[in-house]
Amino acid sequence: MESKRVVIIGSGLGGLSCGLILSRNGYDVTVLEQGIQAGGCLQCFRRQGVKFETGMHFIGSADEGQVLDRLLRYLGVLDDISLSRLDTSGYDVVSLQGQQFRFANGREQFIETLASDFPLQRDNLSRYFSLVEEVAQASSLHSLRVADSDASPLNTEFQLRSMNDVLDEVISDPLLRDVLVGSLPLYAAERNKTPFSTHAFITDFYNQSAFRVVGGSDKIAASLVASIERNGGRVLTRKKVVRIDCDNVKAVGVETSDEQYYPADIVIAGIHPARLIELCQSPLLRPAYRRRVQSLPETVGGFSVYLRFKPQTVPYMNYNFYGYHQSSPWDCERYTAAEWPKGYLYMHFCNKDHQQWAEGGVILSYMQWDEVAKWQNTSIGRRGEDYEQMKREHAERLIDAVSQEFPMLRQGIDGYWSSSPLTYRDYTGTEEGSMYGVAKDINLGPAARVQHRTKVPNLLLTGQNINSHGILGVLVGTVVTCSELLTSEHIFNEIIKTNR
């Protein structure tokens, strides 16, 4: 019997992991990537001998037996990467107006570390952490349990309640409430919008363990590409899909900009839903669906400064630093020109095992699309001197902001490069350079969620807009998408088998 042909649009983590699972299970897989490098947000780049991450800066729950370890083992990635553990006594450091607080790995250490700063909140911290654990474990997908549905009452409740609403109820100290949301740039949370479940999943994920991928997360992409090819599949770059071809009942193939045609029994789109509806003119995608996709809220964009350090000058920082010059992490996405940046995330890259000196780092801050919209019809490297001047001014302001907490930073910088939401849009295909794709908003309910299935029966979606972003969210979405073809029970059984 001839294998079913699966064409996957986009080679981000969602597309590659779907490609691996399906190629392993006998499907004839072709992954089409419009860029010159596979990987999406796993991509890295080099400048003057230093390698920089673009998206997957660190990962969690990767100790033996934890959820990401089990998924990476299932995908065959662990033999191809090396992980460097972040500081267990403070993998995240949150600074509010110069006062620093540490997030430690493990329930007891997390509670005791913060209780040393907030002794009257020890019991509330215990309540908070129990709730985080209960919400995270209530998701059968995030805990890799076979279940008929992921809609447990607890899971549903906290998908409909905002982070700040729940924290106001559990934590009585307003400063501690702000500390606990200090890492919200990891998911671009917004007050009165982002569900507590999102906060719980991410907090639980990193609290169990936190690591950087030594030498860059593009090693994960390379491993997945190699495995797909060993299984007889193909990952083709410089293949921009311009049309999904459909008959009256299904998708039948895709066409690329070089006029190549790829017949398909199944099409999986690892791209933003807005790109999907541009490519697919099937009447099965009703006008109401198209309007809903076009009106989906997006997470804010980001501005990044990539720092190259002088040799043996800047000690390697084995944690992530979230700095806020205002009293709260909330509302940093709302700013005037004079206020920017309200906050930032500062990290170093792990270029080798047992690193002592940092070779490169990154500073990230929010940036609204309006700031770059006038250059939206330009291409990378050809945006003009006014754009380059805008980037220089923003980069200098970010470096100044971090220097308030790290006074020796400027002395250690040997050069820097920067990127804006335009850069992110052009390399990852997100809408308006959104950092994490479609935003979760409790006020919109199901209307803000993108399903992996479409009304075209053999056209599926995967990637960060399905289920959730981040390495775990995307891989959980992959399980959901591939379950349409293989069943979830089959995939979970494969995961169990490879982890024995």
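Residues numbered from 1 in each chain as written. Predicted model: local features only at pLDDT ≥ 70, side-chain atom pairs only at ≥ 80, totals over all residues. Heavy atoms only, no water.

Novice: Which residues make up the overall build of the protein, and what are the values?
Specialist: When helices and strands are counted, the protein shows 16 helices and 20 strands. Taking 23 Å as the expected radius of gyration for a compact globule of 500 residues, we find that the protein reaches 22 Å, a close match to that expectation. Referenced to the eigenvectors of the C-alpha coordinate spread, the extents of the protein come out at roughly 65 × 55 × 45 Å. By the burial criterion, 59% of the 500 residues in the protein qualify as buried. Of all intrachain contacts in the protein linking residues separated by at least 6 positions in sequence, the fraction that spans at least 24 positions is 72%. (Helix = DSSP H or I, 4+ residues; strand = E, 2+ residues; numbered from the N terminus. Rg over C-alpha atoms; globule rule 2.2 N^0.38 Å. Buried < 20%, exposed > 50% of the residue type's maximum accessible area, 1.4 Å probe, protein only. Contact = heavy atoms within 4.5 Å.)

Novice: Any details on the nonpolar core? Residues and values, ideally.
Specialist: General note: in soluble globular proteins, nonpolar side chains tend to be found buried as a group. Of all hydrophobic cores here, the largest spans 102 residues; its most connected members are Y128, L180, F196 and I471. The element best represented in this core is helix α15 (residues 470-486), accounting for 8 residues. When residues no more than four places from it in sequence are discounted, the contact partners of F196 are Y128, L131, V132, V135, F158, R161, S162, M163 and V166. One finds F321, A358, L409 and I413 within the second-largest nonpolar core, a separate group that totals 31 residues. (Core = buried A, V, L, I, M, F, W, Y, C linked by side-chain atoms within 4.5 Å.)

Novice: Could you give an account of helix α12 (residues 385-403), with specific residues and numbers?
Specialist: Its 19 residues give α12 an end-to-end C-alpha distance of 27 Å, which sits within 8% of 27 Å, the value for a rise of 1.5 Å per residue. Restricting attention to buried positions, one finds in α12 the residues Y387, M390, K391, H394, A395, L398, I399, A401, V402 and S403. Against β15 (301-309), β17 (343-348), β18 (360-367), α13 (409-412), β19 (413-419) and α14 (421-428) lie the buried residues of α12. (Expected span 1.5 Å × (residues − 1).)

Novice: How would you explain the sheet that holds strand β6 (residues 83-85) if you had to name every residue and give the values?
Specialist: Across a sheet, paired strands are connected by hydrogen bonds in the backbone, their directions being either parallel or antiparallel. Read from one edge to the other, the open sheet built from 3 strands follows the order β5-β9-β6, with strand pairing classed as antiparallel. The sheet is open, and its two borders are formed by β5 (59-60) and β6, each paired with just one other strand. (Pairing = 2+ DSSP bridges.)

Novice: Please provide a residue-by-residue account of the sheet that holds β19, values included.
Specialist: The strand order across the open sheet built from 7 strands is β8-β7-β16-β17-β18-β15-β19, with neighbouring strands paired in mixed fashion. Edge positions in the sheet fall to β8 (99-103) and β19, since each of these pairs with one other strand and no more. For this sheet, the mean inter-axis angle between neighbouring strands, taken without regard to orientation, is 20°. Pairing of β17 with β18 involves 4 bridges; the strand directions are antiparallel. Bridging across to β18, M347 finds its partner in V362. Packed onto the sheet, α12 meets β15, β17, β18 and β19 and runs at close to 70° relative to β15. (Axes fitted to C-alpha atoms, helices over the stretch in contact; angles between N-to-C directions.)

Novice: Explain helix α8 (residues 196-208) to me, and be specific about the residues and the numbers.
Specialist: Look at α8: 18 Å from first C-alpha to last across 13 residues, which is about the 18 Å you get at 1.5 Å a residue. Most of α8 is tucked away: 12 of the 13 residues are buried.

Novice: Explain the side chain of Q355 to me, using residue names and the numbers behind them.
Specialist: Residue position: Q355 is located in the loop between β17 and β18. Side-chain polar atoms of Q355 contact the backbone nitrogen of N351, separated by 2.7 Å. Setting aside chain neighbours within four positions, we find Q355 in contact with Y316, F349 and C350. (Polar contact = N/O pair within 3.5 Å; in protein donor to acceptor, adjacent residues only side chain to side chain.)

Novice: Mind laying out the packing of helix α1 (residues 13-24) against helix α9 (residues 218-230), listing which residues take part and the relevant values?
Specialist: Direction vectors running N to C along α1 and α9 enclose 30°, while the axes themselves pass 9 Å from each other. The angle between α1 and α9 places the two elements in the roughly parallel class. For the pair α1 and α9, the sense of crossing is left-handed. Along the contact surface, α1 presents L13, L16, S17, G19, L20 and S23, while α9 presents A221, L224, V225, S227 and I228. Broken down by class, the residue content of the contact of α1 with α9 amounts to 7 nonpolar, 4 polar and no charged. (Parallel < 35°, antiparallel > 145°, perpendicular 65-115°, else oblique. Left-handed = near helix turned anticlockwise from the far one by under 90°. Nonpolar A, V, L, I, M, F, W, Y, C, P; charged D, E, K, R; others polar.)

Novice: Could you give an account of the state of the cysteines, with specific residues and numbers?
Specialist: Structurally, a disulfide amounts to a covalent bond that connects the sulfur atoms of two cysteines. Enumeration according to the criterion identifies 0 disulfides in this entry. Free cysteine: C482, not disulfide-bonded; nearest cysteine sulfur from C18 at 3.8 Å. The exposure class assigned to C482 is buried, which follows from its relative accessible area of 0%. (Disulfide = S-S within 2.5 Å.)

Novice: For the side chain of R425, give the residues involved together with the corresponding values.
Specialist: Mapping R425 onto the fold places it in helix α14. By relative accessible area, R425 is classed as buried at 19%.

Novice: Requested: an account of the packing of helix α4 (residues 122-138) against α8, with residues and values cited.
Specialist: As a packed pair, α4 and α8 sit with axes 8 Å apart at the nearest point and diverge in direction by 100°. Classified by the interaxial angle, the pair formed by α4 and α8 is roughly perpendicular. Contact residues: Y128, F129, L131, V132, E133, V135, A136 and Q137 in α4; F196, S197, H199, A200, F201, T203, D204 and N207 in α8. Classifying every residue of the contact of α4 with α8 gives 9 nonpolar, 5 polar and 2 charged.

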